[in-house]
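The chain contents come next:
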Amino acid sequence: MTVHHLDAVRGTVHGRFNRSLPPPIEIDPGDTVIYRTIDAGWGRGSQRIQGEPPPDVGRDAELDLGHALTGPISVRGAQAGDVLEVEIKTLRPGRWGWTWAGPMTHLARPYTDLGEETTIGWHLDPNTGMATDAEGRGISVPLHPFMGVMGNAPAEAGDHSTAPPRRVGGNLDCRELVSGSTLWLPIEVDGALFSVGDGHGTQGDGEISGTAIECPMEHVELAFQVRRDMRLSMPRARTLAGIVTFGLGDSLDDAAKQAISGMLDYLEETLSVTRPEAAVLASLTVHLRVTQVVNGVVGVHGLLPPEAFHITSAGSAQ
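Colleague: Even after reading the chapter, I still don't get the overall build of the chain, so can you show me in this structure?
Modeller: Scanning the chain for helices and strands turns up 3 helices and 19 strands. Here the chain has a C-alpha radius of gyration of 19 Å; the compact-globule value for 318 residues is 20 Å, and the two agree. Of all 318 residues assigned to the chain, the portion counted as buried reaches 54%. Look at the contacts in the chain between residues 6 or more apart in sequence, and 74% of them connect residues 24 or more apart. Accessible surface computed for the chain: about 13600 Å², of which carbon and sulfur atoms make up 51%. Of note, the chain has its 24 positive side-chain charges centred 2 Å away from the centre of its 40 negative side-chain charges.

Colleague: Hey, could you run me through the sheet that holds strand β16 (residues 236–239) in this one?
Modeller: Paired through backbone hydrogen bonds, the strands of a sheet run either parallel or antiparallel to each other. The strand order across the open sheet built from 9 strands is β1-β4-β15-β6-β13-β16-β17-β19-β18, with neighbouring strands paired in mixed fashion. Looking along the sheet, the strands with just one partner apiece sit at the ends: β1 (3–6) and β18 (287–292). Taking the axes of each pair of neighbouring strands and ignoring which way they run, one obtains an average angle of 25 degrees across the sheet.

Colleague: Whenever I open this one, helix α2 (residues 252–271) confuses me. Can you help?
Modeller: An α-helix turns once per 3.6 residues; consequently, residues spaced three or four apart project the same way. Spanning 20 residues, α2 covers 28 Å between terminal C-alpha atoms, matching the ideal 28 Å at 1.5 Å per step. Turning to α2, its buried residues are A255, A256, A259, G262, M263, L264, Y266, L267, T270 and L271. The inward-facing, buried residues of α2 abut β16, β17 (242–249), α3 (275–285), β18 and β19 (298–304). Just beyond α2, the residue with positive phi is S272, at close to 55 degrees.

Colleague: Which parts of the structure should I look at to understand the nonpolar core?
Modeller: Across soluble globular proteins, you tend to see nonpolar side chains buried next to one another. The biggest cluster of nonpolar side chains holds 40 residues, and the ones touching the most others in it are Y35, I73, L177, L183, F194, L222 and F224. Here I73 is in contact with L6, P23, I25, I27, V33, Y35, G191, L193, F194 and F224, once residues within four sequence places are set aside. Counting 11 residues, the second-largest nonpolar core is a separate cluster that includes Y266, L271, V273 and V286.

Colleague: Which parts of the structure should I look at to understand the sheet that holds strand β9 (residues 130–133)?
Modeller: Strand order in the open sheet made by the 4 strands is β7-β8-β9-β10, with antiparallel pairing throughout. On the outer flanks of this sheet lie β7 (96–101) and β10 (140–142), each paired with one strand and no other. This sheet shows a mean twist of 30 degrees between the axes of neighbouring strands, independent of strand direction. Across 6 bridges, β7 lies against strand β8 (residues 118–125) in antiparallel orientation. Paired with T99 across the two strands is I120, which belongs to β8.

Colleague: What's the story with the environment of W42 in this structure? I'm lost.
Modeller: By the element assignment, W42 lies in the loop between β4 (32–37) and α1 (46–50). Residue W42 is classed as buried on the basis of its relative accessible area, which comes to 8%. It is 23 Å that separates the C-alpha atoms of W42 and V141, two residues lying 99 residues apart in sequence.

About the criteria used
Residues numbered from 1 in each chain as written. Predicted model: local features only at pLDDT ≥ 70, side-chain atom pairs only at ≥ 80, totals over all residues. Heavy atoms only, no water. Helix = DSSP H or I, 4+ residues; strand = E, 2+ residues; numbered from the N terminus. Rg over C-alpha atoms; globule rule 2.2 N^0.38 Å. Buried < 20%, exposed > 50% of the residue type's maximum accessible area, 1.4 Å probe, protein only. Contact = heavy atoms within 4.5 Å. Areas by Shrake-Rupley, 256 points an atom, 1.4 Å probe, with all protein chains shown as cover. Lys, Arg positive; Asp, Glu negative; His and termini not counted. Charge placed at Lys NZ, Arg CZ, Asp CG, Glu CD. Pairing = 2+ DSSP bridges. Axes fitted to C-alpha atoms, helices over the stretch in contact; angles between N-to-C directions. Expected span 1.5 Å × (residues − 1). Core = buried A, V, L, I, M, F, W, Y, C linked by side-chain atoms within 4.5 Å.

Pasting the structure below:
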């Protein structure tokens, strides 16, 4: 097992998904990659908050229209139809961040009706775990760092926006994916071609304004495995809060149906119950939460807490 380092520099940062993007590194299953990422806005707050120019990472103004992502990495031996396992180890944010709110005309369904926009800058202290507003309002919020975008390349050729999440992951914006979690993503292209970015200092469920505390990440440590014993149609995760199944759709109803279906699949697999029995158990133990409502494709996730079931016979939940 090898530890690789991937910095956010020219040749490693991109703002789109594309199966033809050349991977700067190829790793073996079991390897770890330690990333550095810039904020989703390509250094948007650097000048204002730090008094420093944005990093020059060679952004293509015509092609790199989305979140600033680091990668993609190719995983040796990964094939379409397999599942990429991403173990989230250490996440350490940088020293600044920003949060925007305003008219969301570029999104499918704005949930705030604002006629003007505003941005709040933040000073981040990873040691104390707090973010303090940079404008001196006296507001502080606890840090809860996670990566907004973790995804594989879609199978369809050409450039794909980083904004809407997909079955292969991407802009999931799920606050449960903190250090200590494991994310499983369907693979559609050989090598997986996994990219990461959109560091969040913290975010509430829903990401109501369209942004979290958007920040660079100084240390993103991820370990990778290829799973051929899993068959997933959507992302799934094991988090500190419990098992998470994801639903994505044009409406919250559609997303909820997907999340529920994924959880029923999980309960059938792990408890050896019928689907109607799984529905009964889910109604007692599973929580539905709105992941995000601002990425065009909205998200709902189902959460099965640890110790939800006490198993006294054969069978256990993984």
